[in-house]
Amino acid sequence: GEGRDLPLPESADRRPDAAEPGTHPPRSVHSCPMASRGKHLEHLAEIPLFSALSKKDLQRIAKASNEVILDAGTVLAEQGDMGREAFVIVEGTATVSRNGRKVGAVGPGDAVGELSLLDHGPRTARVVADTELTALVLSAREFAGVIEEVPGLAHKLLGQLASRVRELDRQIYG
């Protein structure tokens, strides 16, 4: 439903920190349990965020993440909510808005929701899928583990965050 964090797909329900027992993903979330790990790795290797990583690192990320398909209109993050997962967009686009105003768009290779997992603060924006969207989902615990185990990913995320800070700085101060 709108305004709620998406529960993780079926394979994540066995983990104690996943969605509450007895809850099921909303209709707009389609888990891809039959997708082969090979296909999952292929998707990872095509994402700019992961492109320079070793096969071993890609396998770690593949093991920690779940690939989901979200319908257009699905809310990935709601401004002000506490974040429980991060998304990396594989295919499709989403609109980013703050206080009801569009501030940007995200697409393949972009991470969504990682700020809340890094600083434990509330979501800074609302993110809504514009198109059907394929994404990798990492719970807070999985995200923290991947950041520690895959330094190359941590460096790329820091680079993305630094770019955002520079862009905001440029918008504010010229």
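Look up a bit, the structure's there.
Residues numbered from 1 in each chain as written. Predicted model: local features only at pLDDT ≥ 70, side-chain atom pairs only at ≥ 80, totals over all residues. Heavy atoms only, no water.

Chemist: I keep staring at the pattern of salt bridges and nothing clicks. Help me out?
Modeler: Opposite charge on two side chains lets them pair, provided their charged atoms get close. For the coordinates displayed, the defined rule picks out 6 salt bridges. Note that E149 is salt-bridged to R60, the shortest N-O span being 3.7 Å. With E149 in helix α4 (residues 140-149) and R60 in helix α2 (residues 55-64), the pair connects residues that are 89 residues apart, well separated along the chain. The exposure class of R60 is partly exposed, given its relative accessible area of 29%. (Salt bridge = Lys/Arg side-chain N within 4 Å of Asp/Glu carboxyl O. Helix = DSSP H or I, 4+ residues; strand = E, 2+ residues; numbered from the N terminus. Buried < 20%, exposed > 50% of the residue type's maximum accessible area, 1.4 Å probe, protein only.)

Chemist: Looking at this model, I keep getting lost on the environment of G113. Mind explaining?
Modeler: As for its position among the elements, G113 is in the loop between β7 (111-112) and α3 (114-119). Taking relative accessible area as the criterion, G113 reaches 15% and is therefore assigned buried. Separated by 27 residues in sequence, G113 and A86 place their C-alpha atoms 4.5 Å apart. For G113, the contacting residues outside a window of four places in its chain are E85, A86 and R123. (Contact = heavy atoms within 4.5 Å.)

Chemist: Just to check I follow, could you spell out the packing of α2 against α4 for this structure?
Modeler: Relative placement of two packed helices is described by the angle separating their axes and the distance separating the axes. Between α2 and α4, the shortest axis-to-axis distance is 10 Å and the interhelical angle comes to 175°. Classified by the angle between their axes, α2 and α4 sit roughly antiparallel to one another. Contact residues: α2 offers D57, R60, I61 and A64, while α4 offers E142, V146 and E149. (Axes fitted to C-alpha atoms, helices over the stretch in contact; angles between N-to-C directions. Parallel < 35°, antiparallel > 145°, perpendicular 65-115°, else oblique.)

Chemist: How do you make sense of the sheet that holds strand β8 (residues 126-129) when you look at a structure like this?
Modeler: Remark on secondary structure: sheet strands pair via backbone hydrogen bonds, oriented parallel or antiparallel. With antiparallel pairing, 4 strands are arranged side by side in an open sheet as β3-β8-β5-β6. One side of each edge strand has no neighbouring strand; the edge strands of this open sheet are β3 (75-77) and β6 (101-106). Pairs of neighbouring strands in the sheet enclose a mean axial angle of 30°, with direction left out of account. Relative to β8, strand β5 (residues 94-98) runs antiparallel, the two being bridged by 4 bridges. (Pairing = 2+ DSSP bridges.)

Chemist: Which parts of the structure should I look at to understand the nonpolar core?
Modeler: The nonpolar side chains of soluble globular proteins are, as a tendency, buried together. With 22 residues, the main nonpolar core has L44, L49, F50, I61 and L153 as its most contacted residues. When residues of this core are traced back to their parent elements, those giving at least two are α1 (37-46), α2, β4 (85-91), β9 (133-139), α4 and α5 (151-173). Of all the elements, α2 adds the most residues to this core, at 4 residues. Contacts of L153, omitting those with residues within four sequence positions, involve L49, F50, L53, I61 and V146. Counting residues in hydrophobic clusters, the runner-up holds 16 residues, among them F87, A94, V112 and V137. (Core = buried A, V, L, I, M, F, W, Y, C linked by side-chain atoms within 4.5 Å.)

Chemist: Just checking my understanding: could you explain α4 for this structure?
Modeler: In an α-helix there are 3.6 residues to a turn, and that puts residues three or four apart on one side. Within α4 the residues assigned to the buried category are E142, F143 and V146. Across the axial projection of α4, the buried residues extend over an arc of 100°, all falling on one side. Where α4 is buried, its residues contact α2, β4, α3, β9 and α5. (Arc of directions from axis to C-beta.)

Chemist: Any chance you could explain a nonpolar patch on the surface here in plain terms?
Modeler: A contiguous nonpolar patch, built from L168, I172 and Y173 and spanning about 390 Å² of accessible area, is present on the exposed surface. Examined against the element boundaries, L168 turns out to sit in helix α5. (Patch = residues over 30% accessible without salt bridge, like charges linked within 9 Å, V, L, I, M, F, W, Y side chains within 5 Å. Areas by Shrake-Rupley, 256 points an atom, 1.4 Å probe, with all protein chains shown as cover.)

Chemist: Can you walk me through the pairing of β5 in this structure?
Modeler: It is a general feature of regular strands that their side chains alternate between the two faces of the sheet. For β5, the tally of buried residues reaches 4 of 5 residues, placing the bulk of the element in the interior. Taken together, β5 and the strand that follows it, β6, pair antiparallel across an intervening segment of 2 residues, in which N99 is found at a positive phi of about 50°.

Chemist: What's the story with the environment of H120 in this structure? I'm lost.
Modeler: Along the chain, the position of H120 falls in the loop between α3 and β8. Among the residues examined, H120 registers a relative accessible area of 64% and is labelled exposed. In this structure the C-alpha to C-alpha distance between H120 and R84, which are 36 residues apart in sequence, comes to 9.2 Å. Not counting residues up to four positions away in its chain, the partners in contact with H120 are M82 and L115.

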